[in-house]
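Observations on the model geometry
Chain residues, written in single-letter form:
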Amino acid sequence: MPDPRGSNDPRAAAAAKLRRIIPLALGFIIVLIVVLIATAPRSGRGVDATATSADEQKETLPVSEDAGGGTASEGDPATADSDDKAEPPPVVADAPSSQPDETTTVSKSGDRSLEGLRVRQHSEGRPAPAMLGGLDDPALAKMQLQFTHQGAGIAEIPFADIWVTARAKRRAAAWFAALKRGDTSGIEPPPLDDRFVLAHESLVPMGGQLVTIPLLAARSVTVEGTELNLVPATCWSSKGPGEFVADIVNAADEPILKITRRWTLDDWDITLNQHVSNVSGRELGIRWSQYGPPNLNADRSRYMDRRRFRFGYLLGQEIDPDQLAGVVADGSMLLELTDVTGEGESPVLWPNELGRKEGFELSWFATTNRYFGMAVHPVLDAEGRGDPSLESVVGEITRFSAKVNEEPIILTGLAWPAAGAPDHILATGGVKSLSMGVFAGPLEKSILAKDQPYRSLNMQGLILYQMSSFCAICTFQWLAHLLLAVLAFFDHWIVFDWGVAIILLVVCVRALLHPVTRRSQMGMQKFGKQMQRLKPEMDKLQKKYGGDKKKIQEEQMKLFRERGINPLQMLGCLPMFLQMPIWVALYAALYFSFDLRQEPAFWGVFQEFWSWPFLADLASPDHFFWEAPEPFSFFLWNVTGINLLPILMGVIFFFQQKYMTPKTSMSPEQETQQKIMRVMMVVLFPVMLYSAPSGLTLYILTSSSIGIMESRHIRKQVDAMDLDALPSKRTTPTKEAGRGAKDPQSRAYSKMMARRKQKQGRGPDKNFKKRK
């Protein structure tokens, strides 16, 4: 039996092959995108994460807490191991090959006044330093800074009104509302464990023990080539909330240097005012090192681990001497977590190869997770004025990587000046400022795009709607921002609900694409019905001309022209291709947008029934049947509950395939391909998106449901058409090409027919020749 699509005509056969190949290719592309998004390949774009020399690969341990190199351990040392089997990576590049075992050392300069340099010690067992901020009233403080004497750093940063789960957020809202009324009877406060902690001190392996490294702690100071350990708690005295002092003295207990660290808190910004003062009566060459922002905790759902290290930079004096371009933060200077945890990676994060080559200047350095960020930046005034460069404070950024209980830990070190640069000469009585600002808060556009100093430093660039480096080329940032702007408009001004806003967005997108969808699907449906009706005549041609393939081909082409059939009409995948950038951009926008975090759908109506967790958080799975107290791993997923929407999505996909696929006579091979496509759509997608944000599954579910209704409507229109009516002589495909057909596919097909006539020696139609 001949192929009803004219398999003996090379062009018709090609069209038939395209029809078989395109659905499979499209399905493969979609599955590949989903798999690559989930597996998150490393980016490494714009940042050299490869070790450049053997010296760079030499790595040293973090500074120990006590003079003997040990520290109080926590947990089981056997569960902690470093990523590198030889030596762990350095935190500060200018550190010598071995750390000082004591806080008292012998001067290397030969100056007897600098002999026996040490850090003046203070008694142990002192009470914990006073805290800054608070947790009782979010209107007064956004967070609380819990300090430690160790390195004069921060032990923990919990937020006042940001919570781990949506249930805890609802309980907190009720509690704070009751406090405001002055009546808390019958209302329980949310558990303290449910309060979200941005970051806390890290435990890293050292000598079979776990060393505690506070956030942004001072690490060491080098005086005339002598490095002094500043991590031990006995090195620092507390002078008030957030104020610490350390004194460097010589063997005669004469003061040499005075180091002060004073922390202040303002909304989401922490200012670290730190100074090194020369009180020795002579010039001193000094170097400074401290810890920087570590990697933040992973998101609770862990659907995809998108912890990153980001850089904002200036183009440098040679390229932009007047700094007209401002701070560049376009996502090109990005390192995924996997870029800095692999073996053999360079410990130096900044300056990277591109930065050295182009002369870029560091403006800010940040570590981010799905919703939050912690960034060091220069100190500007309230109007955003000041030097946007951080080069006078941070000359080099390095990293230390380890694993504790299978959890990667990345510590960063901030060194000044950079390794290889000469020591900074501090004049007699001189004071070197090493002050910096620290952003510690949510990646929220209303904060980073409007408030100072973030606006002047272009820290809005921290918000990056990008699932992975693979999707960077197909995730249009402007489209993601546009979709979120439309959603926010619907939520803030029209429906006041993010779930209904997502449904309205589906309606808008479907309405915009309806003309293209209608033409494409009508072409597919029409072609399928025409070929079904043409099948008896095609069979007659096959019987009449037998094995004369050339004659069969000519008669088939003639039959196509007489009936006005265009084989290119069956290429109906254009609407799906047009929606793919929207899907990818919306996927990234819904996943990373802080505005949707813990926002319920449909005005929270489901939560009124026994605190039902169904659609309580559009940024998490729907949890229709059950929400797990703690996430757990199960095969491919990090399970947070049992969900319904992915299952409904598979059912909708089944009906969508049923109604959108035109009925045509197919060979057994084609029927097999159709079955494979249906299985891929019905089974694979719900499996891959089982732990996806419920806002995304709600969008796909709504879009597919509307698509089914749209397809049924289009099918009814095609059924009402008189497909047996012959085209008029004035509108034959060849003449239509001469006048300029409205349908691009028809024009292409008509030109193809004209070229074929010319090759057969009959020449093209006059109108076509005139057009040429």
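Residues numbered from 1 in each chain as written. Predicted model: local features only at pLDDT ≥ 70, side-chain atom pairs only at ≥ 80, totals over all residues. Heavy atoms only, no water.

1. Points about unusual backbone geometry
A cis amide bond links W350 to the next residue, P351, at an omega of 0°. If you trace the backbone, P351 turns up in the loop between β19 (348–350) and α4 (353–358). Phi is positive for A152, close to 50°, though the residue is something other than glycine. Inspection of the secondary structure puts A152 in the loop between β5 (144–147) and β6 (154–163). Owing to a relative accessible area of 0%, A152 belongs among the buried residues under this scheme. Backbone geometry at L216 places phi at a positive 55°, although glycine is not the residue there. Within the element layout of this structure, L216 appears in the loop between β9 (209–213) and β10 (218–223). The class for L216 is buried, based on a relative accessible area of 1%. (Helix = DSSP H or I, 4+ residues; strand = E, 2+ residues; numbered from the N terminus. Buried < 20%, exposed > 50% of the residue type's maximum accessible area, 1.4 Å probe, protein only.)

2. Overview of the pattern of salt bridges
Per the counting criterion, the structure on display carries 13 salt bridges. Among the salt bridges present, the one from E188 reaches R171, with a minimum N-O distance of 3.6 Å. You can see E188 sitting in the loop between α3 (166–181) and β7 (195–200) and its partner R171 sitting in helix α3, a full 17 residues away along the chain. Classification of E188 by relative accessible area gives exposed; the value is 58%. D299 is the partner of R370 in a salt bridge, and the nearest nitrogen-oxygen pair spans 3.0 Å. (Salt bridge = Lys/Arg side-chain N within 4 Å of Asp/Glu carboxyl O.)

3. Observations concerning empty space enclosed by the protein
A complete count under the given rule lists eight cavities of 30 Å³ or more for this structure. For the second largest cavity, the calculated volume is near 90 Å³. Among the residues forming the lining of the second largest cavity, the class breakdown is five nonpolar, two polar and four charged. (1 Å grid on protein atoms, 1.4 Å probe; cavity = no way out; pocket = protein on both sides within 12 Å on 5 of 7 lines; lining within 4 Å. Points joined across faces, edges and corners; volume = space filled by probe spheres on them. Nonpolar A, V, L, I, M, F, W, Y, C, P; charged D, E, K, R; others polar.)

4. Considering the confidence of the model for the protein
Mean pLDDT for the protein: 77, with 72% of residues reaching 70 or above. Per-residue pLDDT stays below 50 along residues 64–104; that stretch engages in 118 contacts with residues further than four places along the chain or on separate chains. Contacts for the low-pLDDT stretch residues 763–772, under 50 throughout, to residues beyond four places or in other chains number 18 contacts. (pLDDT = per-residue confidence, 0-100. Contact = heavy atoms within 4.5 Å.)

5. Focus: the pairing of strand β16 (residues 284–291)
The element β16 is extensively covered by neighbouring structure, given that eight of its eight residues are classed as buried. Burial along β16 is two-sided: the face carrying L284, I286, W288 and Q290 and the face carrying G285, R287, S289 and Y291 are both buried. Where β16 and strand β24 (residues 424–426) come together, three bridges link them in antiparallel fashion. Across the sheet, residue I286 finds its bridge partner in β24, namely H424. When β16 meets strand β23 (residues 407–416), the two strands line up antiparallel, connected through four bridges. Bridged to S289 within β23 is A415. (Pairing = 2+ DSSP bridges.)

6. Regarding the nonpolar core
I248 and L257 are the most contacted members of the largest nonpolar core, which totals 135 residues. Apart from residues lying up to four places away in sequence, I248 is in contact with L117, R118, V119, V221, L228, L230, E254, P255, I256, L257 and I259. Counting residues in hydrophobic clusters, the runner-up holds 13 residues, among them V204, A217, Y291 and V404. (Core = buried A, V, L, I, M, F, W, Y, C linked by side-chain atoms within 4.5 Å.)

7. Here we look at helix α6 (residues 477–494)
An ideal rise of 1.5 Å per residue puts 26 Å on 18 residues; α6 measures up with 25 Å between its terminal C-alpha atoms. Here α6 has its buried residues at L479, A480, L483, L484, L487, A488, F490 and D491. F496 sits one or two residues past α6 and shows a positive phi near 60°. (Expected span 1.5 Å × (residues − 1).)

8. So, the sheet that holds strand β4 (residues 132–133)
Strand order across the open sheet formed by four strands is β4-β5-β6-β7, with antiparallel pairing between neighbours. At either margin of the open sheet sits one strand with a lone partner, and together these are β4 and β7. By the bridge criterion, two bridges tie β4 to β5 in an arrangement that is antiparallel. Looking at β5, one finds that G133 is bridged to Q144.

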